[in-house]
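Next come the chains, spelled out residue by residue.
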2 protein chains.
Amino acid sequence: MDIRSMKRAADVAAGRCKADLVIKRANYLDVFSAEVRRGDIAVCDGRIAGIGDYSGETECDFGDCVVVPGLIDAHMHIESTQLSPESFASLAVPRGTTLVVADPHEIVNVCGIEGARHIARAAARTPLQVKLMLPSCVPATPFETSGAVLTAEDTAKLLRSKTFFGLGEMMNYPAVAAGDDEALGKMLAARLADKPADGHAPAMSGSQLNAYVVSGARTDHECATAEEALEKLSLGMYVLLREGSASHDLANLSGAVNERNFRRFALCTDDRHADDLAEEGHMDHVLRTAVKSGIRGEIAALMCTLNAAECYGLKGKGAIAPGCDADFAVFSDLKDFNCRAVFVGGKKVAEDGRPLFSARGGLPRAVKNTVHVRPVSADDFTIKLTGSRARVIGIQRDTLVTRSLIEEVESRGGDVLLEGTDLLRLAVVERHFASGNIGLGLVKGYGLKDGAAATTVAHDSHNMIIIGDDRQAMAQAAEELVRIGGGMALVHGGRVMSVPLDIAGLMSSARAEVHIARLKKLQAAARAAGVKEGVEPFMTLSFLALAVIPELRLTDRGLFDVASFGFTDINA
Amino acid sequence: MDIRSMKRAADVAAGRCKADLVIKRANYLDVFSAEVRRGDIAVCDGRIAGIGDYSGETECDFGDCVVVPGLIDAHMHIESTQLSPESFASLAVPRGTTLVVADPHEIVNVCGIEGARHIARAAARTPLQVKLMLPSCVPATPFETSGAVLTAEDTAKLLRSKTFFGLGEMMNYPAVAAGDDEALGKMLAARLADKPADGHAPAMSGSQLNAYVVSGARTDHECATAEEALEKLSLGMYVLLREGSASHDLANLSGAVNERNFRRFALCTDDRHADDLAEEGHMDHVLRTAVKSGIRGEIAALMCTLNAAECYGLKGKGAIAPGCDADFAVFSDLKDFNCRAVFVGGKKVAEDGRPLFSARGGLPRAVKNTVHVRPVSADDFTIKLTGSRARVIGIQRDTLVTRSLIEEVESRGGDVLLEGTDLLRLAVVERHFASGNIGLGLVKGYGLKDGAAATTVAHDSHNMIIIGDDRQAMAQAAEELVRIGGGMALVHGGRVMSVPLDIAGLMSSARAEVHIARLKKLQAAARAAGVKEGVEPFMTLSFLALAVIPELRLTDRGLFDVASFGFTDINA
């Protein structure tokens, strides 16, 4: 911003000279009044100069459509899409999303801070604005081996950098409430850097919640009930209504929204899969869901524009008003939210669902070839029990919560004998430092026969996780993942199939449609190999290592009992 | 903020240790839900640690009263109270005000930036938090001699200092809309410093308003109608509903507030006189007026708490929530807003209308003895006309707008002869540099007989303005103002009375009640000396020099015609 551009903006606004672009006779969402108004929107040097009666070098007319400020996803992880930032943008931007607040928690757990820097650089090649939150929990738990560790001291240093817009969701809410030095040190770092800190406080309430909020957690996206949302809201948190691929909270929470408090909600996806993005959409889908849940379209749109901008202090965002960035999306209406065109900085970047940009850059060394395992063989998957009763991870349909089961298990020749049972071997192989750490366990309810499935997406440290009934197939699956530099692999009936996730073993550098097609094929093959209905072949697998969701998990360091929050023995 | 205080806050919030102070069983305004809730409010290290069930070293119970975040006056000039910052605080704080956004426009026009620094230092001795805006229009017009000049370059430099919270109301809105370099340069300075810039745009609309808003004016407190307010609001301005001593806009504007847009309004007094503060109140009075105008008490209170805090980016202000500063006021209810107690930073600072603090400091040289005039004598007030028709300033009842009259005026011996007419002499004597500049004019409708009235409060450059029918009395009044270091003086029937405004000739260092008593006595004497009903003896006088209000004004450089925006001749 300099005096010349100030003058030009004033000249355009005052009608003394033509705008670069004018959306003529636009119905537009006035977010300040929560009403649709009509006027010409004049754009100059990438910003909105005025709304009224204007002419421009370029003029367009979108008829009865409604122009809405660019949609903001208030909290998400790009890695969950398994797409590169560029491919994610190619799906999200044509749906009306122009800005996401992204926590690169997964890639930083693998590659350290260089992973986040790659996301920032890759996103910068697209029109999508990515505000990066510095992951607060690397590693997510001390019970697994992650590729990086960020201390409170690192956090304080990194938050001073422009790369990071704020502190990512503080998932270690018990530590914050307990007054733990490291956890509070990270919250303090955000405060001293004058940057927002996201919260993550499922079912937290009362004095514990007060302790979390007083430490600086600004948002929460983990509410399960309207009552929970209202408690958090009244303590000053922004409540992010989440509608992702796995978590569908919006309908449950919409009852919390009323005409007095609607300005304290924002919308987010948290985790959204590539196929859902392609088929259902991104924030446009969240908006449709909000409207179906009974929230007025104007109010829903406000939540993912003005409210999100205010929540995060995003200057010049979230509104169609003089001085704001000319980021806006043209929708059929405020009910179906079919996106006709998207503008970022006054440039048309998408039209009729297609991106008008194509961005692709090389991958830096830091995010490539991130699968470092000590060579594994079938013998590594041998499970030697001391008796006949074993602690088994029980997978349940349609939930990530597992049960901790005690099962009778036969053994022969120093290994378990699983034929004729619903049990499978599970291994988590440390893949960051080739330490040779392998955690072994047993799983019930997954349903694969005659082979193995494996992935390098294993929350949150993203070691290699392998499931199967055949030790040889498990070794083959591991080898395949090493060969392709990370991804998902299926070995069935001697045949090896895989989908590469060449970026940190988490994301594919392929175009979105290519990756989605590959993934669908692999998922279908896994289903054909016996993975049960109600179990997502690879997603379910990737959460079996997350030592914070009840009841029983497996990390590279061993079997973990979430209730007692400590390691346990497979021998029950 | 350090890790120790973070830990302590978390400990108190989580109930692991006692709070410093707990307001037990408080009804409190939850600004996020716009509802009154009930809970113990726990305070630790000056901030709110938690709301729920707490115990504290000190506990109090305010029964059925309602605890409201400390009230914020979103735009005001302390100088208008004619009180020192300390005395102003002694009246405003017991009414529930804990923060004011103050533009020291008047004192800076007299003393330059040292005037603002004095306000900041004096306010810092009180519990009242004063966010100082850097005056944007010094001088207000180029048609008068002010005590200081602030260029765009000065503005850029000063806005980098912590002393200034933002840029004060940009009254030269035509220059901004016209793209004037100096005016835009000041707006640019605010933007580059990432600080708010207040607007002032009476009756501005359409493309001119767009040009003003695009340049960065965030607020407007000059709306006259609901329609005007709604236009400004929908362009992204915060609309400040003003209820001051002279301007009573709230009732006119309350119709603009609805359940969708109420978060974009704040409340302000702009100019409030000492006696009104003492008798009617400060923001508590504005709140009562808002409720009488049909705005729900919760919403009105939100406007001068959360909304004001968001408008200006005041972190930790405007809410009763964990992490916020423990600034709150205890009111009888949300209708009468009788203030029972006020806390700032968790300390009780007022109770039952009385301040629990007394602050008084010395005056720095920069703000004392600011009346520098070349000695004047009766002859200086001689008005020599070339003919018998003169251009006369016509004072009207109950408005600051004057009329430009043409009157037949007799002369004798090289001077006007005013006996038997309603005409008086008016003189504006430059008082900053003793330049000897004197502007002379004639006034009709004021009503003083046999004497003179004078003041060093003469908007906006605050030269000495003297009105009278007796040249000798005028010289005596001027002498008295010099003697007392500025203030208000009345000479009537040979008797000289005065009220000192020893701080820059604008404000009194006396205690509020002393100043108010003196002022009332002087006003009564002026009334007794013939000043007409419907004319405020000294306030009316002080606005006769303001060359931006129609129709005819007088500055130290001469008679000014506002319609043609240029000097004019007394000879018509």
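Whatever comes next refers back to the structure up there.
Heads up: these notes are all about the structure in this document. Quantities reported herein were computed from a predicted structural model and do not represent experimental measurements.

### With respect to the relation of the copies chain B and chain A
In screw terms, the move from chain B to chain A is a rotation of 180 degrees and a rise of 0.0 Å along the axis, fitting with an RMSD of 0.1 Å. When the rotation and shift are considered jointly, the pair of chain copies conforms to a two-fold rotation axis. Residues of chain B ranked by C-alpha distance from the rotation axis are headed by Glu259 of chain B, positioned 3.1 Å from it. Residue by residue, 100% of the interface of chain B is reproduced at the interface of chain A, so both copies engage with the same surface.

### Focus: the packing of aromatic side chains
By the definition in use, this model includes 20 aromatic pairs over all chains. Ring plane angle 35 degrees and centroid distance 5.0 Å describe the contact between Phe328 of chain B and Phe343 of chain B, whose orientation is recorded as tilted. Of the two residues, Phe328 of chain B is situated in strand 14 (residues 328-331) and Phe343 of chain B in strand 15 (residues 339-344); the sequence distance between them amounts to 15 residues. By relative accessible area, which is 2% here, Phe343 of chain B ends up buried. Grouped by ring-pair contacts, the aromatic residues Phe143, Phe560, Phe565 and Phe567 of chain A constitute a single cluster. In this structure, Arg264 of chain A is placed above the aromatic ring of Tyr238 of chain A, and the distance from its NZ or CZ to the ring centre is 4.0 Å.

### With respect to the environment of Gly394 of chain A
All names here are of chain A. Along the chain, Gly394 turns up in strand 18 (residues 389-394). Remark: the alpha-carbon pair of Gly394 and Ala350, spanning 44 residues in sequence, is separated by 45 Å. With residues near it in sequence (within four places) discarded, Gly394 still touches Thr402, Arg403, Leu405 and Lys444.

### Quick word on the interface of chain B and chain A
Accessible area lost on assembly of the parts is the figure often given for the size of an interface. Chain B puts 60 residues into the contact, and the matching count from chain A is 60 residues. When chain B packs against chain A, the two sides together hide about 4,700 Å² of surface, and 54% of this comes from carbon and sulfur. Linking chain B to chain A there are eight salt bridges. Among the ionic pairs, Arg264 of chain A bridges to Glu310 of chain B, the shortest N-O distance being 3.2 Å. Taken together, the connections running from chain B to chain A amount to 19 residue pairs in polar contact (both at pLDDT 80 or more). Looking at which element gives the most residues to the side of chain B that touches chain A, the answer is helix 7 (residues 181-192) of chain B, with seven residues.

### Remarks on the side chain of Thr155 of chain A
Residue and element names in this part refer to chain A. Counting through the fold element by element, Thr155 comes out in helix 5 (residues 152-158). Note on Thr155: relative accessible area 0%, which makes it buried. Not counting residues within four places of it along the chain, the set of residues in contact with Thr155 comprises Leu134, Leu167, Lys186 and Ala189.

### Digging into the side chain of Thr456 of chain B
Residue and element names in this part refer to chain B. Its location among the elements puts Thr456 in the loop between strand 24 (451-455) and strand 25 (464-468). The buried category is assigned to Thr456, whose relative accessible area is 0%. Within the local environment of Thr456, its side chain forms a polar contact with the backbone nitrogen of Gly487, the two atoms lying 2.9 Å apart. Those residues in contact with Thr456, other than ones at most four positions away along the chain, are Val371, Arg431, His462, Asn463, Met464, Leu481, Gly486, Gly487, Gly505 and Leu506.

### Here's the deal with the environment of Glu106 of chain A
Residues and elements named next belong to chain A. Topologically, Glu106 is positioned in helix 3 (residues 105-111). Placed 354 residues apart in sequence, Glu106 and Asp460 show a C-alpha to C-alpha distance of 6.4 Å. Ignoring anything within four residues of it in the chain, the contact list for Glu106 reads Glu79, His459, Asp460, His462 and Leu506. Separated by 3.3 Å, the side chains of Glu106 and His459 make a polar contact.

Cut-offs used in this document
- Residues numbered from 1 in each chain as written.
- Chains lettered and ligands numbered in written order.
- Predicted model: local features only at pLDDT ≥ 70, side-chain atom pairs only at ≥ 80, totals over all residues.
- Heavy atoms only, no water.
- Least-squares fit on C-alpha atoms with pLDDT ≥ 70 in both.
- Contact = heavy atoms within 4.5 Å.
- Phe/Tyr/Trp six-rings, centres within 6.5 Å; stacked < 30°, edge-to-face > 60°.
- Helix = DSSP H or I, 4+ residues; strand = E, 2+ residues; numbered from the N terminus.
- Buried < 20%, exposed > 50% of the residue type's maximum accessible area, 1.4 Å probe, protein only.
- Lys NZ or Arg CZ within 6 Å of the ring centre and 35° of its normal.
- Buried area = accessible area lost by both parts, 1.4 Å probe.
- Salt bridge = Lys/Arg side-chain N within 4 Å of Asp/Glu carboxyl O.
- Polar contact = N/O pair within 3.5 Å; in protein donor to acceptor, adjacent residues only side chain to side chain.

So, to be careful, I would describe these as geometric facts and stop short of saying anything about function.
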